[in-house]
Structures are given as C-alpha cells and as structure tokens.
Amino acid sequence: MTKTSNYTAKSPEPDGFIVYSDDEHAIWSQLINRQLNCIQGKACDQYIAGLAKLQLPKDRIPQLAEINEVLIKETGWRVARVPALISFDKFFSLLANKQFPVATFIRTWDELDYLQEPDIFHEVFGHCPLLTNPAFAQFTHLYGQLGYKASKQDRVFLARLYWFTVEFGLLHLQNEWRIYGGGILSSPGETQYAIDSETPERKPFDILEVLRTPYRIDIMQPIYFYLESVEQLYDICHLDIMSYINKAKTMGLLPPKYPPKVPQQAC
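Quantities reported herein were computed from a predicted structural model and do not represent experimental measurements.

Visitor: Would you mind showing me how to read the nonpolar core here?
Guide: Generally speaking, nonpolar side chains in soluble globular proteins are found buried as a group. Counting 85 residues, the largest nonpolar core has Tyr-47, Phe-125, Leu-161 and Leu-233 as its most contacted members. Per element, the largest residue contribution to this core is seven residues, and it comes from helix 7 (residues 152–167). Apart from residues no more than four positions distant in its own chain, Tyr-47 is found in contact with Ile-39, Phe-125, Gly-126, Pro-129, Leu-130 and Leu-185.

Set out below in structure tokens:
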C-alpha cells in the first residue's frame, strides 16, 4: 500500500457521479462476463446470493452509490472512494468504520488478466457480494478494529490473516471446494487453480498456522486455508486474535512454501 501506483483514481463530478470512458466500460464488461462464467460451481452460495442482491451491471462500471444502497440495507456497510493506494492507517480506519475502500480506476487491456494493485473490479466484484453476508461483514469489521489499534509489527501478522481469509479463503463443503476469497473470485486463473489444480496445498484453518505462514502476492498461491462454512468466521471473531499474534511472534514464521523471488537484473 505504500508503493507508487501506475493508476489514478477518478474523482466524482459535483453531483457525485463518476464518469468513465466507453473503453473503461468495455473492460468492465469483458471482466465481469468472463468471471461470471468462470465462478459457476466454484463460488460459495453466500457470494452468489450477494451477487444477486447487488445486481452488478454487465455493460458498465457501477456507481458506488448503487452498491451502497444495497450494502447499507443488508449489513450497514458501504464502499468508500479512495486513491489507487492508501496507507495502512487509512485502510484499517475505513474497515473499522464499516467502509470498504474502493479505488475508482479500472485496469487497462494489457493488464486484463493480472493486476497487483486492487482496482474497482477486484474490490466490487471480488469483495462486495460477501459484504452482504453478516458473518463476513462482522469479521471484516473486527479485523479493521484490531488493525487500527495494532502496532506496525502486529499489522504484518494481521495481513496474513486477511490474505488467507478475505482474499484467498476457501470453503470445504460436503467434499466439494467453494471459494469465498475475493482475490480468487476476481481472477480467472486463480479460480481455476484454487479449485481444479492438484498443485496447491489445502489445509483446515488454524489461526496460529495462518499467522505464521508467509505469502507472495505475485504468484499462484501454494497453500490455501479452508473453513467448513462462512459462519465459521463468527467463531474466529470470538478468538483472542491479538494473543495468537503474540504467540506467533514468539514461535516465528514457518518456512515459505514458494521459491525466493529472483531480483530482476539491471540492463
């Protein structure tokens, strides 16, 4: 969240309306129609129910006010317009106040399949449907409250909790895999890989192991942690998460399940 962005978020007009170009609407249309096909039989029921409530348009980028109308009614959440990248303080503050940050830009055609920084498609399509679900909404709210009060060192451990749940969480339901993590649900490659590939390791959620597991943002995930239901997020909310962080700091990180990143050679 501290690096320089290659994108610039769009500002609203005086009436609050954000203007996008025809090309940007076309990119949204390509992304959402492709991903709706990809997640069939792979996304969890709660996510699909949230999509039905949001009724995201397929031919244009939605306005944030449209999304807020649904979220406020369902769980008291709303989305908040932010620049492309924000500080951790701002990120946690928004979540602590039931506001989910959405950068109001969309990726370009040459980054259609993968984008390291979150754009409006990732945030809205990937995360907003589940913000209509009370368990997911409560967990995300608590996460923001903990993160806002946490030290810089503790936030590093909290980031792993977010990564392996909100971004890359799986469900295991009656011998079938389903996705609830927005980082998977907004990516066609990761959706196929997380469910259909035999390569990644899938382990039951254990908070101490999650807090101690390193990850990289620029590769297909070598490990996913799964819950038995979305409602299990309620159980996580009742854990003393900060005490587990203190224990994880004492025990140290587990060995990475990925090769080290090779630095790029200077020309």
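Visitor: What should I look at first to understand the packing of helix 4 (residues 88–96) against helix 6 (residues 134–149) in this one?
Guide: Think of two packed helices as two axes; the pair is described by the angle between the axes and how far apart they sit. As a packed pair, helix 4 and helix 6 sit with axes 7 Å apart at the nearest point and diverge in direction by 135°. Between helix 4 and helix 6, the crossing angle belongs to the class labelled oblique. Considering how the two elements wind past one another, helix 4 and helix 6 form a crossing that is left-handed. For the pair helix 4 and helix 6, the contacting residues are Asp-89, Phe-91, Phe-92, Ser-93, Leu-95 and Ala-96 in the first and Thr-140, His-141, Tyr-143, Gly-144, Gln-145, Gly-147 and Tyr-148 in the second.

Visitor: Got a minute to help me understand helix 3 (residues 64–75) in this structure?
Guide: Because an α-helix completes one turn every 3.6 residues, residues spaced three or four positions apart along the sequence face the same direction. In a regular helix each residue adds 1.5 Å, so twelve residues correspond to 16 Å; helix 3 covers 16 Å between its end C-alpha atoms and thus fits that length. Three or more residues of helix 3 are buried, namely Leu-64, Ile-67, Asn-68, Val-70, Leu-71 and Thr-75. In the core, the buried residues of helix 3 are packed alongside helix 2 (45–54), strand 1 (78–82), strand 2 (99–103), helix 5 (120–127) and helix 6. Count one or two residues on from helix 3 and you reach Gly-76, which has phi positive near 85°.

Visitor: Honestly, the packing of aromatic side chains in this entry has me stumped. Any pointers?
Guide: The geometry of an aromatic ring pair comes down to the distance between the two centres and the angle between the two planes. Under the criterion given, the structure shown has 15 aromatic pairs. Ring geometry for Phe-91 versus Tyr-162: centroids 5.6 Å apart, planes at 85°, classification edge-to-face. You can see Phe-91 sitting in helix 4 and its partner Tyr-162 sitting in helix 7, a full 71 residues away along the chain. Of the two residues examined, Phe-91 and Tyr-162, each falls in the buried class. With a centroid separation of 5.6 Å and an interplanar angle of 45°, the aromatic rings of Phe-92 and Tyr-143 are classed as tilted. Taken together, the residues span a long stretch of sequence, with Phe-92 in helix 4 and Tyr-143 in helix 6 at a distance of 51 residues. Summarising the burial analysis for this pair, Phe-92 and Tyr-143 share the class buried. Through a chain of ring-to-ring contacts, the aromatic side chains of Phe-88, Phe-91, Phe-92, Tyr-143 and Tyr-162 assemble into a single cluster. Sitting over the face of the ring of Phe-157, Arg-160 holds its NZ or CZ atom 4.8 Å from the ring centroid. Sitting over the face of the ring of Trp-177, Arg-202 holds its NZ or CZ atom 5.5 Å from the ring centroid.

Visitor: Is there a simple way to think about the pairing of strand 6 (residues 223–227) in this case?
Guide: On a regular strand, one side chain projects to one face of the sheet and the next to the other, so that they alternate. Among the five residues of strand 6, five are classified as buried, and the element is accordingly described as predominantly covered. A two-sided burial pattern is seen for strand 6, the buried positions comprising Ile-223, Phe-225 and Leu-227 on one face and Tyr-224 and Tyr-226 on the other. Note that strand 3 (residues 170–173) and strand 6 share two bridges and pair parallel. Across the sheet, residue Leu-171 finds its bridge partner in strand 6, namely Leu-227. As paired strands, strand 5 (residues 201–204) and strand 6 are joined by four bridges and run parallel to one another. The residue of strand 6 that forms the bridge with Lys-203 is Phe-225. Chirality of the crossover, the property in question, places the unit of strand 5, helix 10 (residues 207–212) and strand 6 among those that are right-handed.

Visitor: Is there a simple way to explain the environment of Phe-225 in this structure?
Guide: With respect to the helices and strands, Phe-225 occurs in strand 6. Excluding residues that lie within four positions of it along the chain, Phe-225 makes contacts with Phe-164, Gly-169, Leu-170, Lys-203, Pro-204, Phe-205, Asp-206, Glu-209, Val-210 and Thr-213.

Visitor: For this particular structure, what's the right way to read the side chain of His-127?
Guide: Tracing the backbone through its elements, the reader meets His-127 in helix 5. Here His-122 takes part through its side chain, which lies 3.2 Å from a polar atom of the side chain of His-127. With residues up to four places along the chain from it excluded, the contact list for His-127 reads Phe-100, His-122, Phe-136, Val-166, Glu-167, Gly-182 and Gly-183.

Visitor: Would you mind going over the sheet that holds strand 3 with me for this structure?
Guide: By definition, the strands of a sheet pair up through backbone hydrogen bonds, in either a parallel or an antiparallel sense. Strand order in the open sheet formed by four strands is 4-3-6-5, with mixed pairing between adjacent strands. A strand with exactly one partner marks an edge of an open sheet, and here the two such strands are strand 4 (176–179) and strand 5. The sheet shows a mean angle of 40° between the axes of neighbouring strands, taken without regard to direction. Judged from the four bridges that link them, strand 3 and strand 4 form a sheet pairing that is antiparallel.

Rules and cut-offs
- Residues numbered from 1 in each chain as written.
- Predicted model: local features only at pLDDT ≥ 70, side-chain atom pairs only at ≥ 80, totals over all residues.
- Heavy atoms only, no water.
- Core = buried A, V, L, I, M, F, W, Y, C linked by side-chain atoms within 4.5 Å.
- Buried < 20%, exposed > 50% of the residue type's maximum accessible area, 1.4 Å probe, protein only.
- Helix = DSSP H or I, 4+ residues; strand = E, 2+ residues; numbered from the N terminus.
- Contact = heavy atoms within 4.5 Å.
- Axes fitted to C-alpha atoms, helices over the stretch in contact; angles between N-to-C directions.
- Parallel < 35°, antiparallel > 145°, perpendicular 65-115°, else oblique.
- Left-handed = near helix turned anticlockwise from the far one by under 90°.
- Expected span 1.5 Å × (residues − 1).
- Phe/Tyr/Trp six-rings, centres within 6.5 Å; stacked < 30°, edge-to-face > 60°.
- Lys NZ or Arg CZ within 6 Å of the ring centre and 35° of its normal.
- Pairing = 2+ DSSP bridges.
- Right-handed = clockwise from strand over helix to strand, strands pointing away.
- Polar contact = N/O pair within 3.5 Å; in protein donor to acceptor, adjacent residues only side chain to side chain.

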